[in-house]
Amino acid sequence: MPNQPALLIELLRAAYAAFNARDIDAALALMTPDVAWPKAFKGGFVRGTEEVRAYWTEQWSEINPHVEPIAFYPESAGQVLVEVHQPGFLTNSEKTGA
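First, a word on what this report is: a plain description of the structure on this page.

Reading guide: rules and limits
Residues numbered from 1 in each chain as written. Predicted model: local features only at pLDDT ≥ 70, side-chain atom pairs only at ≥ 80, totals over all residues. Heavy atoms only, no water. Helix = DSSP H or I, 4+ residues; strand = E, 2+ residues; numbered from the N terminus. Buried < 20%, exposed > 50% of the residue type's maximum accessible area, 1.4 Å probe, protein only. Contact = heavy atoms within 4.5 Å. Expected span 1.5 Å × (residues − 1). Arc of directions from axis to C-beta. Salt bridge = Lys/Arg side-chain N within 4 Å of Asp/Glu carboxyl O.

What follows covers the side chain of Thr 49. Position of Thr 49 among the secondary structure elements: in helix α3 (residues 49–62). Since its relative accessible area comes to 19%, Thr 49 is described here as buried. Discounting residues that sit within four places of it in the chain, Thr 49 has contacts with Leu 28, Met 31, Thr 32, Pro 33 and Val 35.

When the terminal C-alpha atoms of α3 are compared, their 20 Å separation across 14 residues agrees well with the 20 Å that a helix rising 1.5 Å per residue should span. All of the buried residues along α3 are Thr 49, Val 52, Tyr 55, Trp 56, Gln 59 and Trp 60. End-on view of α3: buried residues confined to an arc of 125°, all on one side of the axis.

A few words on the pattern of salt bridges. Going through the model one piece at a time under the given rule, you end up with 5 salt bridges. Between Glu 10 and Arg 13 there is a salt bridge, and its shortest N-O distance comes to 3.6 Å. Within this pair, Glu 10 and its partner Arg 13 are both found in helix α1 (residues 4–20), separated by 3 residues, close to a single helical turn. What makes Arg 13 partly exposed here is its relative accessible area of 40%. The partner of Glu 62 in a salt bridge is Lys 42, with the nearest N and O atoms 3.8 Å apart. With Glu 62 in helix α3 and Lys 42 in the loop between β1 (36–38) and β2 (45–47), this pair connects stretches of sequence that are 20 residues apart. By relative accessible area, which is 44% here, Lys 42 ends up partly exposed. When salt bridges with common partners are traced through the structure, they connect Asp 25, Glu 50 and Arg 53 into a single cluster.

Structure below.
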């Protein structure tokens, strides 16, 4: 039987890589249709992949976030806690000089 935490960690690495590359389709393909995603930029949650798509599209039009996973901690019930580093980021207007 495959190592379940290792498989989950690889899935999470792929999800963070897709997010940082702004590859929405690849990131959403790794999520269940009923995903609940925290709206860290606005507060609250969005539910479902289409709401995540809309939230990210809005978020990425205003800021340019990059989230680096630095440690993974397997927990009970098949969950993995991810420790991340999110360096400072520029708004898109700061990035382009607009």
